[in-house]
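Architecture at a glance
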Amino acid sequence: MVKINFKKLKKTLKKRQIRILLILLAVTLVLLSILIYSLSTDDKDEILEIMFSQEKYIPVKKGSKYGFIDTNGELVIDPAYDEANSFYGDYALVSNVENEQKEYFLIDKKGEIKKKAEGVKAPKYYVEYGVWLIDNALYSYDLKTLFDEAAALDYIGEGYFSYQKNDEKKSGIIDFKGEKIFSWDEDYITVNISENSFKNARYASLSNFEEAECIIDLENGKKVFELDDPKNKYIQKEKNNIFRIIDRANKYKTEKWLYLKDGKIKGELLDVNIYDLVLISEKKDIVKIDYGQDYETKNKEDRYAYYDMKEEEFISDYEEEVDIDGILKNRYGYTIYKYENYGLKNKRNREILKDEYESIEFLNLFLFKYTKYHTKKEIAILKKGDSLLLFDAKKKKILEEFEYVSLKEIAGSTFLSMVQYEDDGHTKKSVLIYNVLTNNFKEFDKDAEIEIGANYVKVDTKRVVKYYDNNLEEIYEE
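Residues numbered from 1 in each chain as written. Predicted model: local features only at pLDDT ≥ 70, side-chain atom pairs only at ≥ 80, totals over all residues. Heavy atoms only, no water.

Time to look at the overall build of the chain. Check the secondary structure of the chain and you find four helices and 42 strands. For the chain, the C-alpha radius of gyration of 29 Å lies well beyond 23 Å, the compact-globule estimate for 478 residues. Pairs at least 24 residues apart make up 33% of the contacts formed inside the chain by residues separated by at least 6 positions. Accessible surface, the chain as shown: approximately 27200 Å² in total, 45% of it carbon and sulfur. Once the 78 positive and 92 negative side-chain charges of the chain are each reduced to a mean point, those two points are 11 Å apart. (Helix = DSSP H or I, 4+ residues; strand = E, 2+ residues; numbered from the N terminus. Rg over C-alpha atoms; globule rule 2.2 N^0.38 Å. Contact = heavy atoms within 4.5 Å. Areas by Shrake-Rupley, 256 points an atom, 1.4 Å probe, with all protein chains shown as cover. Lys, Arg positive; Asp, Glu negative; His and termini not counted. Charge placed at Lys NZ, Arg CZ, Asp CG, Glu CD.)

Structurally, Lys121 is set in the loop between β7 (113-116) and β8 (124-126). The class for Lys121 is exposed, based on a relative accessible area of 59%. Along the chain, Lys121 and Asp135 lie 14 residues apart, while their C-alpha atoms are 7.3 Å from each other. Sequence-distant contacts of Lys121, defined by excluding residues within four places in its chain, comprise Tyr104 and Asp154. (Buried < 20%, exposed > 50% of the residue type's maximum accessible area, 1.4 Å probe, protein only.)

Glancing now at unusual backbone geometry. Backbone geometry places Asp323, a non-glycine residue, at a positive phi of 55°. The topology assignment puts Asp323 in the loop between β27 (313-315) and α3 (327-332).

What follows is about the packing of aromatic side chains. Summed over all chains, the structure comprises 25 aromatic pairs. Judged by centre distance (4.4 Å) and plane angle (20°), the rings of Tyr88 and Tyr125 are stacked. Residue Tyr88 is found in strand β4 (residues 83-88), and its partner Tyr125 is found in strand β8; the two are separated by 37 residues along the sequence. With relative accessibility at 21%, the residue Tyr88 sits in the partly exposed group. Residues Phe444 and Tyr468 carry aromatic rings whose centres are separated by 5.3 Å and whose planes lie at 65° to one another, so their mutual orientation is edge-to-face. Taken together, the residues span a long stretch of sequence, with Phe444 in strand β38 (residues 441-445) and Tyr468 in strand β41 (residues 465-468) at a distance of 24 residues. (Phe/Tyr/Trp six-rings, centres within 6.5 Å; stacked < 30°, edge-to-face > 60°.)

A few words now on the nonpolar core. One finds Leu344, Phe362, Leu363, Leu382, Leu390, Tyr434 and Val436 to be the most contacted residues of the largest nonpolar core, which totals 35 residues. Counting 15 residues, the second-largest nonpolar core is a separate cluster that includes Tyr259, Leu269, Ile274 and Met309. (Core = buried A, V, L, I, M, F, W, Y, C linked by side-chain atoms within 4.5 Å.)

A regular strand places its side chains so that they alternate between the two faces of the sheet. Relative to strand β32 (residues 379-384), strand β31 (residues 359-362) is paired through four bridges, and the arrangement is antiparallel. Paired with Phe362 across the two strands is Ala380, which belongs to β32. Pairing of β32 with strand β33 (residues 387-392) involves six bridges; the strand directions are antiparallel. The partner of Ala380 across the bridge, within β33, is Phe391. Between the antiparallel neighbours β32 and β33 lie two residues, among them Gly385 with a positive phi of about 60°. (Pairing = 2+ DSSP bridges.)

Turning our eyes to something else, we now look at the pairing of strand β35 (residues 405-409). As paired strands, β35 and strand β36 (residues 415-421) are joined by five bridges and run antiparallel to one another. Looking at the pairing, Glu409 lines up with Leu416 of β36. Linking β35 to β36, which pair antiparallel, is a turn of five residues; within it Gly412 sits at a positive phi near 70°.

For the structure shown, the criterion picks out 26 salt bridges. The salt bridge partner of Lys180 is Glu149, with a shortest N-O separation of 3.2 Å. One end of the pair, Lys180, is in strand β15 (residues 180-184); the other, Glu149, is in the loop between β11 (145-147) and β12 (152-157), and 31 residues separate them in sequence. Ionic contacts of the salt-bridge type, sharing partners, join the residues Glu149, Lys165 and Lys180 into one network. (Salt bridge = Lys/Arg side-chain N within 4 Å of Asp/Glu carboxyl O.)

Once that is clear, we can look at the sheet that holds strand β25 (residues 286-290). With antiparallel pairing, four strands are arranged side by side in an open sheet as β24-β25-β26-β27. For this open sheet the edge positions go to β24 (276-281) and β27, each flanked by a neighbour on one side alone. Going from strand to strand, the sheet's axes swing by 35° on average, the running direction of each strand aside. Sheet topology note: the strand β26 (residues 304-308)/β27 ladder contains three bridges and is antiparallel. (Axes fitted to C-alpha atoms, helices over the stretch in contact; angles between N-to-C directions.)

It is worth spelling out a negative patch on the surface at this point. A surface patch of like charges, here negative, comprises Glu358, Asp386, Glu401, Glu403, Glu422, Asp423 and Asp424. As for its placement among the helices and strands, Glu403 is situated in strand β34 (residues 397-403). (Patch = residues over 30% accessible without salt bridge, like charges linked within 9 Å, V, L, I, M, F, W, Y side chains within 5 Å.)

As a further point, take the confidence of the model for the chain. Scored by pLDDT, the chain comes out at a mean of 91, with 91% of its residues at no less than 70. Long-range and interchain partners of residues 29-42, a stretch whose pLDDT sits below 50, account for two contacts in this model, where long-range means more than four residues apart. (pLDDT = per-residue confidence, 0-100.)

What follows concerns the side chain of Asn241. Inspection of the secondary structure puts Asn241 in the loop between β20 (233-237) and β21 (242-247). Judged by relative accessible area, Asn241 falls into the buried class, the value being 1%. A distance of 2.8 Å separates a polar atom in the side chain of Asn241 from the backbone oxygen of Ala201. When sequence neighbours within four positions are dropped, the list of residues in contact with Asn241 reads Ser194, Asn196, Asn200, Ala201, Arg202, Tyr203, Leu258, Tyr259 and Leu260. (Polar contact = N/O pair within 3.5 Å; in protein donor to acceptor, adjacent residues only side chain to side chain.)

In structure tokens:
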């Protein structure tokens, strides 16, 4: 008969349970870290990475030709070009003059030619969408063909291109993915997109001069409105999906105003006295009417009035709110509010800045997202008195404070440029360059010519040309 030592068995089982729990805990932590990484990776935007890449080769001039250096200042592509532009992904646009004719090429990081433009028009890279326009054909950033139908292509804004096939009497619109949005049997097309600050779809007016005019929904290409008399009238786009019909035959007066929403005309105004119309709230369909400086001669009590386009009625004692439709909250995760001055609240509507600032704004959305992903900083720009403050809204922390400066963002760059003034507030003192990734800044001479790229600063003082990296440390001198 086998004797069992229950005391010893219990002790052994306890040790095994602890060991199993530790293993399960370790596995859980690994899985959790993988999940967190995958979630953060999902936030990574490939086009933004190309736009702001900190590893881009930098075009530099040596003698009479341009080549490229890396971020350490080492020459990686020999000077062989009359002109050179920054890399976007794996390719850069360069050019040379041959037989008095400028020729354009796309080269790779080895300096090898990957594509030559056949026409005289320079290829163009659209950084916000990651596409090349070369010889009336559209390519992705890695040179995959998106649209090539022997048509004349023109960029019309917001990631859309118009195309024309005159021989076939066809024209239309494609998006930056090369997909057709709209087409009609007209040999000519002009497109004017209504810039939209809100969340609703974008609309555009289309014209084949005095032959056809309409408004389309750019999400699906459907016509929302068609002009009945294009020979005598035309459509003029305003901001935020407001359009107006202009009567050529009647001294170019505005016949009516149209407000578009949800794929249809949401409201009309026929008052010929209106000078301007501005959408205040898309959610509530409220517009602000401006009758102009001569409003009294038009028998109006006030210059401005508020009107509900949906209910077709005026609103008395309407008080404008900051970000009434939550645009900032949706894009940045914060709300700017105003009492006497401006303050800031987070998504939970908790105050993180009191209303003591003359203005509050965020970095442009591209740079904001890129900086947030790489540094976890969520940068707002605050103005208070003579001071400009860079503020990390996530950590509720002032990053830097500058006095007597005016700030300018540089498209496609991680640098901010600030002109610094003397105490009088208008005499230029110097130029400050600040990098939002590294939190470094450097002061340069007020008269220097400064060129700013995604990951470098070029400073020409007329005596010498120097290049600086994103830490604003010198890496190269021409």
